[in-house]
Amino acid sequence: MKDSTLSCNPSSPLPSISTSSPPCAAGQEAGLSETMIEESISRAEPIIRKWDLDMGGLQKFSTLFVDDRREAKSYFEAAISLQQAITYYLKENANSKELIRVRKLMRVAMKRLEKEFHTILSANRRNLDSGSVSSRSSRTRSSFSEFFEFSEEEVNPTTPPRTSPTPGGNAKLDAERATEMAMADLMGIADCMIACGYGRECIRVYKSIRKSMVNESLYHLGVNERLSHPQMKKMECFPENVAKCKKLLSPEKMFIALDIYEAVADLSPEIESLFASKFFTAVRAQANAARVKTGEAVRTILGQFEAAIQKDSSKSPVAGGVHPLTRYVMNYLVFLSDYSVHISTIVADGPANPQTPLPETEFSSLTTVVEEDPSATPISRRLAWLILVLFSNLDGKAAQYNNAALPYLFLANNLNYVVYKVQNSNLGLLIGSNWIRKHEAKVKQYLAKYEKLGWSKILSSLPENPTEEISPKEVKECFKKFNSYFQEAYKQQCSWVIPDPKIRESVKLSVSKKILSSYLVFYHKHRGKHAKDCTVESFIKYAPEDLEKYFSHMFSQAAGVVDSNYKFPKKLVNIHC
């Protein structure tokens, strides 16, 4: 049985199969008398009627090939006897009533075999792919007569069902044996149906099973657009046509295209080996073209992804947390980096990426971090550029805030998230440690600017030297300014967030230390002096421990919750925040 017997192509025909009669049914129609024909029909009819699908009613379907394959052998013999009878009557008397009767019996028999063929194929669809068929082809019987020899050799009244494991046997060997027997059964059915003139029906069942397997494989790849039969026939190299399909060339289809590219690329050595002959030059060229075209599709999708990042106009989070765009882009790039080998090849094989000029931003000084690295690869530069495009967009979103300090907290949160994603994925290996160090330093710069703009006004309410002597009036004025500025700052910032727990604690500690170090000295120096003042509570509202409590509750509410209504791009399967 050759590999083509169970080809993955649902349109490929079954191989030519021997139509010779089984040994016990052998004989030339020319040497048969009408009496002999009638006797053979009489012997065949009971077994055909016994397995008549229309006589089973609502009973559960039971197959010919489970408990006793001698029954299957007898059924095949009966079907061949009917075919011999049909041939005899067509030659001797084409208007014979017996011919009508035999043909009816034949239809019953073929309907049963068609059902058996479909059942066995369906039950073994996972085991009967082209690879498994190829590995077993040398051990599989290749003709109808050999099926009967197989039956005589390996089946006896006590043979266990085909699906039952051998007691104490090896599970893998049991599975291989079951698959071999299934293939032999399929061969027997196909030979018998073809010998009886029902080859087309056999092929139709085979093609329907194979087509369903192809559709299932496409579904798992995410190719949900159903293709008509004429469309499939026109598609000489499927991956190449997928690469041309405009519906697939969108950011959310990137990983489908990469899976196809990976499959074609991984199979290339086998294709080159299998079709090494000069007669198969076209096959090798077509396989290579499929790989090249799919690579072009991936590069096109990367370009669309970049454009989509630039065009995103969603609003900034009110609390300054990590923007959904940042989460989406970085998770997308993390998944992209899992294809590091193939995505690197794809980017390297393409032309240099034309970099769209970006507006001058806070990140402009970082544009050459990767470019100046002599060891940087094309994929390193491409990924770093995509992140820079993201930064440019985020810089524009930061400008939407009305508060001077919040933009820097927003940028610090988002840049820290980006650095974390790069450090903890294959992106770190592709972009490099130098890039990570530079951007970690940038996070610290943003946090320093946030602290200065968010809290310097409060510090300005206290004397530079909190221990110096000042008048009671000036003391009261300092406390009142401190109260007012602190209330204003806390009211604004109590809902702001820092999702990263480590940075959150670091910022709280830094801010509280700066504020409390001055306030504590000033408070203890002047609180006692005004203890007897009946208006003391009107200008000294906060004890140091009160301020500590306020600071302890900052930056943690709804830390970095993702906006579930985020719409860019329209959808992307299997990317989580």
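Residues numbered from 1 in each chain as written. Predicted model: local features only at pLDDT ≥ 70, side-chain atom pairs only at ≥ 80, totals over all residues. Heavy atoms only, no water.

The name given to the protein chain in an unreviewed UniProt entry is Exocyst subunit Exo70 family protein, and the organism recorded there is Sesamum latifolium. Listed under Sequence similarities (unreviewed entry) in UniProt, the entry text for the protein chain is "Belongs to the EXO70 family." The UniProt entry for the protein chain carries this comment under Function (unreviewed entry): "Component of the exocyst complex." (UniProt positions renumbered as here; feature names shortened; annotations may be inferred.)

Could you clarify how one ought to interpret the overall build of the protein chain in this entry?
Scanning the protein chain from N- to C-terminus turns up 22 helices and 0 strands. In the protein chain, which comprises 577 residues, the proportion classed as buried is 46%. Counting only carbon and sulfur atoms, one obtains 53% of the accessible surface of the protein chain, whose full area is about 30300 Å². (Helix = DSSP H or I, 4+ residues; strand = E, 2+ residues; numbered from the N terminus. Buried < 20%, exposed > 50% of the residue type's maximum accessible area, 1.4 Å probe, protein only. Areas by Shrake-Rupley, 256 points an atom, 1.4 Å probe, with all protein chains shown as cover.)

So what exactly am I meant to see when it comes to the pattern of salt bridges here?
Note that side chains of opposite charge can pair when their charged atoms are close. Within this structure, the stated rule accounts for 15 salt bridges. Of the charged contacts in the structure, one is a salt bridge between K111 and D54, with a shortest N-O distance of 3.0 Å. One end of the pair, K111, is in helix 3 (residues 97-123); the other, D54, is in the loop between helix 1 (34-50) and helix 2 (69-92), with 57 residues separating them in the sequence. A salt bridge links R382 to E306; its shortest N-O distance comes to 3.0 Å. Taken as a pair, R382 in helix 15 (residues 378-398) and E306 in helix 11 (residues 281-311) lie far apart in primary sequence, 76 residues in all. Comparing R382 with E306 shows no difference in burial state: the two are buried. (Salt bridge = Lys/Arg side-chain N within 4 Å of Asp/Glu carboxyl O.)

Looking at this model, I keep getting lost on helix 20 (residues 501-527). Mind explaining?
Think of an α-helix as 3.6 residues a turn; residues three or four steps apart then line up on the same face. The largest bend in helix 20 comes to about 30 degrees, at L516. For helix 20, every residue scored as buried is listed here: I503, R504, V507, K508, V511, S512, I515, L516, Y519, F522, Y523 and H526. Looking at the buried positions of helix 20, the neighbouring elements they touch are helix 16 (406-423), helix 18 (433-459), helix 19 (472-493) and helix 22 (544-552). Its side-chain oxygen at 2.9 Å from the backbone nitrogen of K502, D500 defines the N-terminal cap of helix 20. (Bend = angle between axes of the 7 residues up to and from the residue. Contact = heavy atoms within 4.5 Å. Polar contact = N/O pair within 3.5 Å; in protein donor to acceptor, adjacent residues only side chain to side chain.)

Hey, could you run me through a negative patch on the surface in this one?
On the surface, a cluster of negative charge is made up of E34, E38, E39 and E92. Its location among the elements puts E34 in helix 1. You can call E34 partly exposed: its relative accessible area is 41%. (Patch = residues over 30% accessible without salt bridge, like charges linked within 9 Å, V, L, I, M, F, W, Y side chains within 5 Å. Lys, Arg positive; Asp, Glu negative; His and termini not counted. Charge placed at Lys NZ, Arg CZ, Asp CG, Glu CD.)

Any chance you could explain helix 18 here in plain terms?
Here helix 18 is 27 residues long and its end C-alpha atoms lie 38 Å apart, about the 39 Å a rise of 1.5 Å per residue gives. Listed in full, the buried residues belonging to helix 18 are W435, I436, H439, K442, V443, Y446, L447, Y450, E451, G454, W455 and I458. (Expected span 1.5 Å × (residues − 1).)

Sorry if this is basic, but what is going on with the packing of helix 3 against helix 7 (residues 199-220) here?
Working note: a packed helix pair is described by the angle between its axes plus the distance between those axes. The N-to-C vectors of helix 3 and helix 7 enclose an angle of 25 degrees; their axes lie 10 Å apart at closest approach. Judged by the inter-axis angle, helix 3 sits roughly parallel to helix 7. Viewed along their axes, helix 3 and helix 7 form a crossing whose handedness is right-handed. Residues E114, F117, H118, L121 and S122 of helix 3 form the contact with helix 7, whose participating residues are E201, C202, R204, V205, Y206, S208 and I209. Among the residues making up the contact of helix 3 with helix 7, the classes are represented as 6 nonpolar, 3 polar and 3 charged. (Axes fitted to C-alpha atoms, helices over the stretch in contact; angles between N-to-C directions. Parallel < 35°, antiparallel > 145°, perpendicular 65-115°, else oblique. Left-handed = near helix turned anticlockwise from the far one by under 90°. Nonpolar A, V, L, I, M, F, W, Y, C, P; charged D, E, K, R; others polar.)

Just checking my understanding: could you explain the nonpolar core for this structure?
The tendency in soluble globular proteins is for nonpolar side chains to be buried side by side. Core analysis: the largest hydrophobic core is formed by 89 residues, its most contacted members being L333 and W455. Tallying contributions element by element places helix 15 first for this core, with 12 residues. In this structure W455 touches Y450, F486, A489, Q493, V511, I515, F551 and M554, once residues within four positions along its chain are discounted. Of all hydrophobic cores here, the second largest spans 44 residues; its members include I37, Y75, F76 and I189. (Core = buried A, V, L, I, M, F, W, Y, C linked by side-chain atoms within 4.5 Å.)

Where do I start with the environment of K480 in this structure?
Tracing the backbone through its elements, the reader meets K480 in helix 19. In this structure K480 comes out as partly exposed when scored by relative accessible area, which is 45%. When the C-alpha positions of K480 and K541 are compared, they lie 8.6 Å apart, and in sequence the two are 61 residues distant.

Before we go on, may I ask you to explain a nonpolar patch on the surface in this structure?
Together, F279, F280 and V283 give the surface a local cluster of nonpolar side chains, amounting to about 300 Å² of exposed area. Along the chain, F279 falls in the loop between helix 10 (254-274) and helix 11.

When you look at the confidence of the model for the protein chain in this model, what are you seeing that I'm missing?
Close reading of the predicted structure is inappropriate where its pLDDT is low. With 72% of its residues at a pLDDT of 70 or more, the protein chain shows a mean pLDDT of 78. Below a pLDDT of 50 lies the segment residues 1-29, which in the model reaches 67 contacts outside its immediate sequence neighbourhood of four places, other chains included. Note on residues 130-163: pLDDT under 50 across the span, and 75 contacts to partners over four residues away in sequence or across chains. (pLDDT = per-residue confidence, 0-100.)

Got a minute to help me understand the side chain of E451 in this structure?
Topologically, E451 is positioned in helix 18. A polar contact of 2.8 Å, which involves the side chain of E451, links it to the side chain of S510. Ignoring any residue separated from it by four or fewer positions in sequence, one finds E451 in contact with S456, V507, S510, V511 and K514.

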